[in-house]
Amino acid sequence: MPSTAYLCRDCLHEAAGEEVAAARCPACGSPRRLSHPERDALSIAHVDCDAFYATVEKRDNPSLRDQPVIIGGGRRGVVATACYIARTYGVKSAMPMFKALKACPQAVVVPPDMGKYARVGRQVRALMLELTPLVEPLSIDEAFLDLAGTRRLHGASPAVLLARFSRRIEEEIGITVSIGLSYCKFLAKLASDLDKPRGFSIIGRAEASAFLADKPVGVIWGIGNVAQARLASDGIRLISDLQRMDEADLIRRYGPEGSRLWRLARGLDARRVSAARETKGISAETTFEADIADAETLTRILYGLCERVSRRLKNQELSGCGVTMKLKTSEFRLLTRSRSGLAPTQLTARIFAAARELLTKAIDGTHYRLIGVGISDLRPADEADRGDLVDETVAREKATEAAVDRLRERYGQDAIVSGLVFGSDRDRHR
Amino acid sequence: MKVTLERATLLKSLGHVHRVVERRNTIPILSNVLLHAQGRSLMLKATDLDLEVLETLPADVQQGGGTTLPAHVLYDIVRKLPDGAQVSLDSAGDTGQLVLRSGRSRFALQSLPESDFPDLNVGDLSHHFSLAAGDLKKLIDKTQFAISTEETRYYLNGIYIHTLEVEGRAMLRAVATDGHRLARVEIVAPAGAADMPGVILPRKAVAEVQKLIEGLDKEVAVDMSTTKVRFTLGDVTLTSKLIDGTFPDYARVIPNGNDKRLVVERDSFAAAVDRVSTISSERGRAVKLSIVDGKLTLSVNNPDSGSATEELEVDYDAQPLDIGFNARYLLDITEQLDSDTALLKLADPGSPTLLQDRDGSAALYVLMPMRV
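Remember, predicted model here, so these are calculated numbers, not experimental data.

> Outline the overall build of chain A, listing residues and values.
Check the secondary structure of chain A and you find 15 helices and 15 strands. In chain A, buried positions account for 45% of the 430 residues. Considering only contacts in chain A between residues 6 or more positions apart, those separated by 24 or more positions represent 63%. Surface exposure of chain A reaches about 21,700 Å², of which carbon and sulfur atoms provide 51%.

> Which residues make up the interface of chain B and chain A, and what values do they have?
Contact with chain B, which involves 21 residues of that partner, is made by 14 residues of chain A. For the pair chain B and chain A, the summed buried area comes to about 1,400 Å², and 49% of that belongs to carbon and sulfur atoms. The interface formed by chain B and chain A holds three salt bridges in total. The partner of A:Asp388 in a salt bridge is B:Arg153, with the nearest N and O atoms 2.7 Å apart. Between chain B and chain A we count four residue pairs in polar contact (both at pLDDT 80 or more) in total. Across the side of chain B that touches chain A, the residue classes break down as seven nonpolar, five polar and nine charged.

> Which residues make up the packing of helix H5 (residues 266–276) of chain B against helix H6 (residues 327–336) of chain B, and what values go with them?
Residue and element names in this part refer to chain B. Between H5 and H6, the least distance of the axes is 10 Å, while the angle of their chain directions is 155°. One element, H5, and the other, H6, form an angle in the roughly antiparallel class. For H5 against H6, the interelement crossing comes out left-handed. Mapping the contact onto sequence places Arg266, Phe269, Ala270, Val273 and Asp274 in H5 and Ala327, Leu330, Leu331 and Thr334 in H6. Class assignment for the residues of the contact of H5 with H6 results in six nonpolar, one polar and two charged.

> How would you summarise the packing of helix H13 (residues 295–315) of chain A against helix H14 (residues 348–362) of chain A if you had to cite specific residues and measurements?
All names here are of chain A. Close contact between H13 and H14 brings their axes to 9 Å; oriented N to C, the two are set at 140°. It follows that H13 is oblique to H14 by the angle criterion. As H13 runs across H14, the sense of the crossing is right-handed. For the pair formed by H13 and H14, the contact residues are Leu298, Thr299, Leu302, Tyr303, Cys306, Glu307, Val309, Ser310, Leu313 and Lys314 on the first element and Thr348, Ile351, Phe352, Ala355, Arg356 and Leu359 on the second. A breakdown of the residues in the contact of H13 with H14 according to their chemical character gives 10 nonpolar, three polar and three charged.

> Break down the sheet that holds strand S4 (residues 51–58) of chain B for me, citing the residues and quoting the values.
All names here are of chain B. Pairing is antiparallel in the open sheet, where eight strands are placed in the order S6-S2-S3-S4-S17-S16-S15-S10. The outermost strands of the open sheet, each flanked by one partner alone, are strand S6 (65–70) and strand S10 (127–132). Along the sheet, successive strands turn relative to each other by an average axial angle of 20°, direction set aside. Inspection of the sheet shows strand S16 (residues 228–233) paired to strand S17 (residues 236–241) by six bridges, in the antiparallel sense. For Lys228, the partnering residue across the bridge sits in S17 and is Lys241. The strands touched by helix H2 (residues 71–80) are strand S2 (32–38) and S6; relative to S6, the strand with the most contacts, the crossing angle is about 90°.

Reading guide: rules and limits
Residues numbered from 1 in each chain as written. Chains lettered and ligands numbered in written order. Predicted model: local features only at pLDDT ≥ 70, side-chain atom pairs only at ≥ 80, totals over all residues. Heavy atoms only, no water. Helix = DSSP H or I, 4+ residues; strand = E, 2+ residues; numbered from the N terminus. Buried < 20%, exposed > 50% of the residue type's maximum accessible area, 1.4 Å probe, protein only. Contact = heavy atoms within 4.5 Å. Areas by Shrake-Rupley, 256 points an atom, 1.4 Å probe, with all protein chains shown as cover. Buried area = accessible area lost by both parts, 1.4 Å probe. Salt bridge = Lys/Arg side-chain N within 4 Å of Asp/Glu carboxyl O. Polar contact = N/O pair within 3.5 Å; in protein donor to acceptor, adjacent residues only side chain to side chain. Nonpolar A, V, L, I, M, F, W, Y, C, P; charged D, E, K, R; others polar. Axes fitted to C-alpha atoms, helices over the stretch in contact; angles between N-to-C directions. Parallel < 35°, antiparallel > 145°, perpendicular 65-115°, else oblique. Left-handed = near helix turned anticlockwise from the far one by under 90°. Pairing = 2+ DSSP bridges.

By themselves, these are just geometric observations and shouldn't be taken as functional.
So this is what it looks like as structure tokens:
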């Protein structure tokens, strides 16, 4: 039984003195207590939504609440998210759907609704931004927060603030989050994983080394299977193995990476939480239901992706000068081709022209399972599509797309569709 | 085939032809150079299927015939042989090998049969004229930098060469543009050229002609059809396909209403542009020209590294104007100007500017401004 003061995570009651001895919160009777000697000294947090997609679906359809739910789909889809009930059957993210359904045949499979998740993700983000401007999103459902120096503003320590925040997410948005609080990003992220779901874990400076010692080196970010195998062949399996080693020795073996490993093994991570993660590029890709080799079909799908990229460029008032086209073969071999140095553009027509050229050169009858297109080397929108000395078509292309965009804004995305998308396969659309 | 010749002559010719051969080829024969011995000479030929370079050089032929050898390997071997060496090439026997001997060196090289070597199928070249090497050099040098590398507008990947009548005289004109700048230069059309078709000479052929013409002091014979062109430059013959496309109507692009005249001393202008652009970033190479009565201020502002300005005394009496250009493009153009003073005809910060020699020589350049 902890003897220090604690915070009740349900009613936010601060228990101290004799109350501490009681197993449950004297105010509300909840056992969810938060106590740590460094509780009020830590300010880097990692917030992770619990089984995000599945939780959102359960929120919107309460009949799913007590059933195993898997978000994912398609004939050869993989599990995007499995709810905690499904996880007890051994279903995991990224597991092929057929395997997941073998493990848990009674699971309810819900196709993902990315638009909805993005909306909920934005709501969560908005609440985060009320705590601090230093929010660094890692994905749609997780982010780092730096709460240093917010105590006076909010009249509470970061730990109390986060406890309030997680309650608010549950009440206002109807999903749950897990929180990790520490003094650096590395440990905050590990902490958020410790007692999911609805978790709140704290790792302080004092226990960092001891906490890390028995963890496999794979918990270090950037150490994947390959790096793990390489380290294992040198006899390094646990972080304690790294802690025992000399920094100079690690640098000799692994270069600058050695120094990074040495530091992280000691819980030293100087990366800052930075809100301004600049957009480097915008891309869209799609995995096919069945592999495709046909040039016309690929081109048609590519056009749709170019429209998506163009739409996002226009929404974010950006343009780009580099186009990358990406294909993945049925054997999972990845092929990327790119073209740089284009005049800054945000037009579907221009992105498609470049991407199609790259596609045409790349296809050779191989079957592909995925195609993607991206734009990079981003510039502000006002530099885009201004034409040049001999550009005879840009003004027309620009006017056409502006007209199409206006129609779509009023009557929906499908109000007007390029004839190219239909291809020569007319019967299907009759 | 058995032939002996001097290393120096062979090296020079291989130097001419091997450049045409792409370093990486999917068709093996295209990596090779064709050698054919006949009479008292050896003929070398290389091609990339768009461009073919052929050169004939004197040699001591013991046995006629031909074969093909990897061009870059052969060039490297001959290059490494000592000065003044004699080289003998012997493809005797049907071994598919050629033996190269020089001094105490001996190389046995895999060869491919002469009959496999591709031909450009030049067909009938209908138009013929010749011009001084210096004139051809001028047409190429002054426009080459403006050729586009952008593949989507393939018809800009070369120099547009055509004839037209200017003030009652037939002129031969070369134009190149990448959309940001345009270069136009003309000479009096040589006899026989007046009715030639307008053609787009691809950049690789342009680059090869430019190298082959270096130091040449002769007439260059030009033979062309609507699809192919052949230049005879001394002992070397270069044949190229032409770009099959329509060059845009460039006359529309050349501004004729620009009434703000800025006269600068060319060298000091170029040097100042070069100096201030030192601090510009790789991405935005913009230099700003602020012009008021008799004074030009060049400035570069790079948020990452700082700023630079330089003032120049100039001849200008129109409305004050601020306009930005890509520094690299400005330098490319000033480098091609001939006279000491350059004339810029400006309109406004958003419109193309005209650059030329003050005395109004035959070369004319158009430059798109940049936003600054």
